[in-house]
Amino acid sequence: MRKVKDADTRRIKIKVSGLARLCDVEWINRMKPDYAAFIFFNSSYRVGVDQAEYLRKKLAPEIQTVGSFSCLSCWLIADLLGSGMIDAAHIHGDCTPEEMEQLRRLTDKPLIKTVYIESPESIRKAQDYPVDYLMYDFREEEGKSRDQCLNILLSYGPQKREFFLSDRLCSTNLKETLLSIRPYGINFNGPIEKRRKRDPAQIQKMVREIREMELS
């Protein structure tokens, strides 16, 4: 299933990452983000395929499931997409557009690629990925601050790909950042945890705040 334009094209999409427990799914079903992600790489929220499949069956059908991967395991990702266990795949690891093309040949399902903002050139190169969406993030150790990365993104201009923003890029001023950058969606990971578990109160707060926003 490829990307479909919604009638309400100005609503910011919400992607919540790291579902690992049944109680996480129960809260997600109440909050109803657009996407919920299972993490298949080394993380505190890592799940196995069997666990993800069980949780997937408990998830509200209108919420799209995403598999998050740290490397390009083309056949595994294509198999999970083909089986319907996940609706989309999010690739976080380093790989070239040519390597991503191998996965693109195996599936027509939505693909998301994380790109770390370092310069305008990093955004320009990201346009070559054969994916449906990009997800922009930043690394503090690369020497660029959050505000510098946002300014690079803001000044770049129109892009070929719709994109998500990492919650890390929005952590200082969520509403102002979303209204100025106007992304397709936002990916929540860090701000929605408490004592290394997903915090339903934070999920509810974030979802409500974004649902109240409208881009004109």
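Scroll up a little and you will see the structure.
Keep in mind the model is a prediction, meaning the values are calculated, not measured.

> Help me understand the overall build of the protein chain in this model?
Looking only at helices and strands, the protein chain features eight helices and 10 strands. The buried share of the protein chain, reckoned over its 216 residues, is 49%. Residue pairs at least 24 apart in sequence account for 56% of intrachain contacts in the protein chain once pairs closer than 6 positions are excluded. For the protein chain, the accessible surface area stands at approximately 10,900 Å², while carbon and sulfur atoms represent 47% of it.

> What's the story with the packing of aromatic side chains in this structure? I'm lost.
Scanning the model with the defined rule gives six aromatic pairs in all. Taking 5.3 Å as the distance between ring centres and 15 degrees as the angle between the ring planes, the aromatic pair formed by Phe40 and Phe69 counts as stacked. With Phe40 in the loop between β2 (35–39) and α2 (49–58) and Phe69 in strand β3 (residues 64–69), this residue pair connects regions lying 29 residues apart in the sequence. Neither residue differs from the other here; Phe40 and Phe69 are each classed as buried. Centre to centre, the rings of Tyr133 and Tyr184 are 4.6 Å apart; their planes meet at 25 degrees, and the pair counts as stacked.

> Just checking my understanding: could you explain the packing of helix α1 (residues 22–31) against helix α8 (residues 200–211) for this structure?
The angle between the axes and the distance between the axes are what describe a pair of packed helices. Viewed as axis vectors pointing N to C, α1 and α8 meet at an angle of 20 degrees, and their least axial separation amounts to 10 Å. On the basis of their axis angle, the class for α1 and α8 is roughly parallel. Considering how the two elements wind past one another, α1 and α8 form a crossing that is right-handed. Contacts between α1 and α8 involve Trp27, Ile28 and Met31 on the former and, on the latter, Pro200, Ile203, Gln204 and Val207. Residues of the contact of α1 with α8, tallied by class, amount to six nonpolar, one polar and no charged.

> Help me understand the packing of α1 against α2, please; the structure alone is not making it clear to me.
With their axes 9 Å apart at the nearest point, α1 and α2 run at an angle of 30 degrees to one another. If you check the angle between α1 and α2, you find them roughly parallel. Relative to α2, the crossing made by α1 is right-handed. Only Tyr54, Leu55 and Lys58 of α2 make contact with α1, whose side of the interface consists of Leu22, Val25 and Asn29. Across the contact of α1 with α2, the residue classes tally to four nonpolar, one polar and one charged.

> Mind showing me how you'd approach the nonpolar core here?
Buried together is how nonpolar side chains tend to be arranged in soluble globular proteins. Judged by nonpolar contacts, the single largest core of 58 residues is most densely connected at Phe40, Tyr136, Leu165 and Leu178. Other than its neighbours up to four places away in sequence, Leu165 contacts Met135, Tyr136, Leu153, Cys170, Thr177, Leu178, Ile181, Pro183, Gly185, Ile186 and Asn187.

> Is there a simple way to explain the pattern of salt bridges in this structure?
Where charged atoms of side chains with opposite charge meet at close range, the side chains can pair. One pass over the full model with this rule turns up nine salt bridges. Ionic pairing is found between Arg21 and Asp24, a salt bridge with its closest N-O pair at 2.9 Å. One connected set of salt bridges, linked through shared partners, spans Arg11, Asp34 and Arg211.

> How should the pairing of strand β1 (residues 13–17) be read in this particular structure?
The two faces of the sheet receive side chains in turn, since in a regular strand these alternate between them. Taking burial as the measure, the five residues of β1 include five buried ones, the bulk of the element. Burial along β1 is two-sided: Lys13, Lys15 and Ser17 facing one way and Ile14 and Val16 facing the other are all buried. Two strands pair when backbone bridges link them, and β1 and strand β8 (residues 185–188) are joined in this way by four bridges, in the parallel orientation. Bridging across to β8, Ile14 finds its partner in Ile186. Note: β1 against β2, three bridges, orientation parallel.

Criteria and cut-off values
Residues numbered from 1 in each chain as written. Predicted model: local features only at pLDDT ≥ 70, side-chain atom pairs only at ≥ 80, totals over all residues. Heavy atoms only, no water. Helix = DSSP H or I, 4+ residues; strand = E, 2+ residues; numbered from the N terminus. Buried < 20%, exposed > 50% of the residue type's maximum accessible area, 1.4 Å probe, protein only. Contact = heavy atoms within 4.5 Å. Areas by Shrake-Rupley, 256 points an atom, 1.4 Å probe, with all protein chains shown as cover. Phe/Tyr/Trp six-rings, centres within 6.5 Å; stacked < 30°, edge-to-face > 60°. Axes fitted to C-alpha atoms, helices over the stretch in contact; angles between N-to-C directions. Parallel < 35°, antiparallel > 145°, perpendicular 65-115°, else oblique. Left-handed = near helix turned anticlockwise from the far one by under 90°. Nonpolar A, V, L, I, M, F, W, Y, C, P; charged D, E, K, R; others polar. Core = buried A, V, L, I, M, F, W, Y, C linked by side-chain atoms within 4.5 Å. Salt bridge = Lys/Arg side-chain N within 4 Å of Asp/Glu carboxyl O. Pairing = 2+ DSSP bridges.

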